[in-house]
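Examination of the molecular architecture
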Amino acid sequence: MAQNNTLTLGEFVRQCLAKWKWFAISVACTLVLAIVYLIITPPKYTKAAQVLIKDDNSMGGLMGQLGGLAELGGLVGMNMGASNVYNELYAMQSPWLLLNVVHQLDLDMSYVIKGIRNQDLYAEELPITVKFKTLTEEDDIKMKVDLKKNGELTVYKIKKNDDKYDDEITGRVNTTLKSSIGDIEIKATPYLSKMEDDEVTITVKRTEPMAIVDLLTRKRLNIAVSNREASIIDIECKDVNKLRATNIINAIIAEYRKEVKEDKEAEAAVSERYVVERMAALDEELKTIGQRVAEHKSKTMMPDLEVMATAYAESAKDIAEAQMELQAQLYVAEAIRDYLRVESKKDELLPILFATENMGFAEQISEYNTIVLQRNKIIASSSKESPLVKDIDKQLAAMHDAVLITAEEAIKQLKIQLKHVTAKENEGKQLLATAPKKYIDGLTDEEDLKVLATLRVFLLQKREEAQMTKSLKTDVRLLTPPLGLKEQSSPYIPLVLICAFLLGLFIPASYIVVREHIRNS
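This report concerns the structure included in the present document. (Residues numbered from 1 in each chain as written. Predicted model: local features only at pLDDT ≥ 70, side-chain atom pairs only at ≥ 80, totals over all residues. Heavy atoms only, no water.)

Here's the deal with the overall build of the chain
Scanning the chain from terminus to terminus reveals 14 helices and 15 strands. Across the 521 residues of the chain, 40% fall into the buried class. Counting only carbon and sulfur atoms, one obtains 55% of the accessible surface of the chain, whose full area is about 29200 Å². (Helix = DSSP H or I, 4+ residues; strand = E, 2+ residues; numbered from the N terminus. Buried < 20%, exposed > 50% of the residue type's maximum accessible area, 1.4 Å probe, protein only. Areas by Shrake-Rupley, 256 points an atom, 1.4 Å probe, with all protein chains shown as cover.)

Printed below as a string of structure tokens:
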């Protein structure tokens, strides 16, 4: 008869009870290790805030619709719709924005007093601040500073990137020290005189700012949309220092507001400048046509052409309105094309005045301007010779050509429609073959004058909207300032102890199971 070698639950429990000392020793060891971990691990605290991204359906200023120019032939006013909260979410956690926050708060600098539990010094706990006069964005620097309460100090164990230096420099606070890595400026803070110890050793470390941005993104920051149905963004920050976590959140919100405001002002400025340039040319054209109309009326003794054209206007009212609108929109499309053809303006923002619904002018121009703004920011922190800038220039060139092609296609479509409407108009004019030739000769200039006058009023309105856009506040509202419990959020003490206890039970239990399996196999 075959013997059953399977370890039953009852037998397993009896063996565990027989070896209770193993369990006691194992649990004691894991709990001790857990306590040691809790002692040496600095506690982290969580601060959280909420911001509301307000909708902007009206699109204000130059983002508005074309006003008097109705949809016809594909050209309509820009209507970008409500703010996309997910776009704002990505903007709020962009590397460029976080890099500015790192520089503002000097997050690339850390000051630590080593011990059983390292003490991270920040703000009112920081006795000195250190600045390295000669370093690049990619440099990592580490050194130790023995600091006395009376201001005397010694700098040693200097390391820059992978290079170590044997410098041992003595001096005082509020001076600049000469070292192998360049000048080091050390300034005292008000906390220096309040130090509890007469002498402390501070490990000063400078980390590459982009590495700090990566650390914030991966481990310390959590920025997310709280609800798909709401335009609310939650911002959480974990840090060993409560004040620093609060400052990081506040700096992110402030920098986001600044970036949005600068982008709006940049687009409004280029659009306003475009309007001014177009109005100057339009005024000249209005003056020329106006003089021609006045001369025609004086020569033909027909001061009131509208009265003489009543029959024509009644029979071709719809055709005349359609032609006026098409001519206006053709003028606008050609103006956009001419602006795009100017070689000196290829690196500038495109004026966001008009767009095409069926060909995506709004989306193309907005995307182009966004990349131009990013390029300008990168150039501000590096140079035009940067490989990243050159890649963006290639992308911008392709996008610029695409927008130009869109404008050309719009012009072609409008000319085809205008040709069709003109053919209709010519049919109507045949009905007026008996009208005086002098009336027919003056009609074209009269119509052109009306179109240009309508365009001038429209451009005046857009110029006022551009000026108003500059004074608009950022559509961001702080719902909840950075708040958080005073208790640490990690490591969570009860969870660590429970896991240690369970691990202490698991180790001897696993040993018993494995031993019996080997014995019975």
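There is more to say after this.
With respect to the side chain of E259
Take E259: it is sitting in helix α7 (residues 242-300). For E259, a relative accessible area of 9% corresponds to the buried category. Separated by 3.2 Å, the side chains of E259 and W96 make a polar contact. The contact partners of E259, leaving out residues within four places of it in the chain, are W96, L97, N100 and K377. (Polar contact = N/O pair within 3.5 Å; in protein donor to acceptor, adjacent residues only side chain to side chain. Contact = heavy atoms within 4.5 Å.)

Details of the pattern of salt bridges
Overall, the coordinates contain 14 salt bridges when judged by the stated rule. A cluster of three or more residues bridged by salt bridges with shared partners is formed by D120, R220, D239 and R244. (Salt bridge = Lys/Arg side-chain N within 4 Å of Asp/Glu carboxyl O.)

Considerations on helix α2 (residues 20-40)
Here α2 is 21 residues long and its end C-alpha atoms lie 30 Å apart, about the 30 Å a rise of 1.5 Å per residue gives. Taken together, the buried residues of α2 touch α1 (9-18) and α14 (493-520). (Expected span 1.5 Å × (residues − 1).)

Description of the side chain of R220
Mapping R220 onto the fold places it in helix α6 (residues 209-220). For R220, a relative accessible area of 16% puts it in the buried group.

Regarding a positive patch on the surface
Taken together, the side chains of K114, K142, K159, K164 and K205 make up a positively charged region of the molecular surface. Summarising the element assignment, K114 is placed in the loop between β3 (109-113) and β4 (119-121). (Patch = residues over 30% accessible without salt bridge, like charges linked within 9 Å, V, L, I, M, F, W, Y side chains within 5 Å. Lys, Arg positive; Asp, Glu negative; His and termini not counted. Charge placed at Lys NZ, Arg CZ, Asp CG, Glu CD.)

Examining the sheet that holds strand β10 (residues 182-188)
Reading across the sheet, the three strands line up as β5-β10-β9 and stay open at both edges, with antiparallel pairing between neighbours. The two strands at the open ends of the sheet, each matched to only one other strand, are β5 (128-132) and β9 (175-179). Across this sheet, the average inter-strand angle for adjacent strands is 25 degrees, counted without regard to direction. Of the pairings in the sheet, the one linking β5 to β10 comprises five bridges and is antiparallel in character. What sits directly across from T129, in β10, is K187. (Pairing = 2+ DSSP bridges. Axes fitted to C-alpha atoms, helices over the stretch in contact; angles between N-to-C directions.)

Quick look at helix α4 (residues 85-92)
Within the sequence span of α4, burial applies to V85, E88, L89 and M92. Seen from one end, α4 has its buried residues packed into an arc of 105 degrees, which puts them on one side. (Arc of directions from axis to C-beta.)

Looking at the packing of aromatic side chains
By the definition in use, this model includes one aromatic pair. The ring of Y122 carries R244 above its face, with NZ or CZ at 5.1 Å from the centroid. (Phe/Tyr/Trp six-rings, centres within 6.5 Å; stacked < 30°, edge-to-face > 60°. Lys NZ or Arg CZ within 6 Å of the ring centre and 35° of its normal.)

Describing the pairing of strand β13 (residues 232-239)
Two faces, one strand: in a regular strand the side chains alternate between the faces of the sheet. The pairing of strand β1 (residues 45-53) with β13 spans eight bridges and is antiparallel. Note on β13: the bridge partner recorded for A49 is I235. Both strand β12 (residues 221-225) and β13 contribute to a ladder of five bridges, which runs antiparallel. If you follow V225 over to β13, its bridge partner there is I233. In this antiparallel pair of consecutive strands, β12 and β13, the connection spans six residues.

Examining a negative patch on the surface
On the surface, a cluster of negative charge is contributed by E196, D197, D198 and E199. Here E196 is to be found in the loop between β10 and β11 (199-206). Looking at E196, the relative accessible area reads 75%, which means it is exposed.

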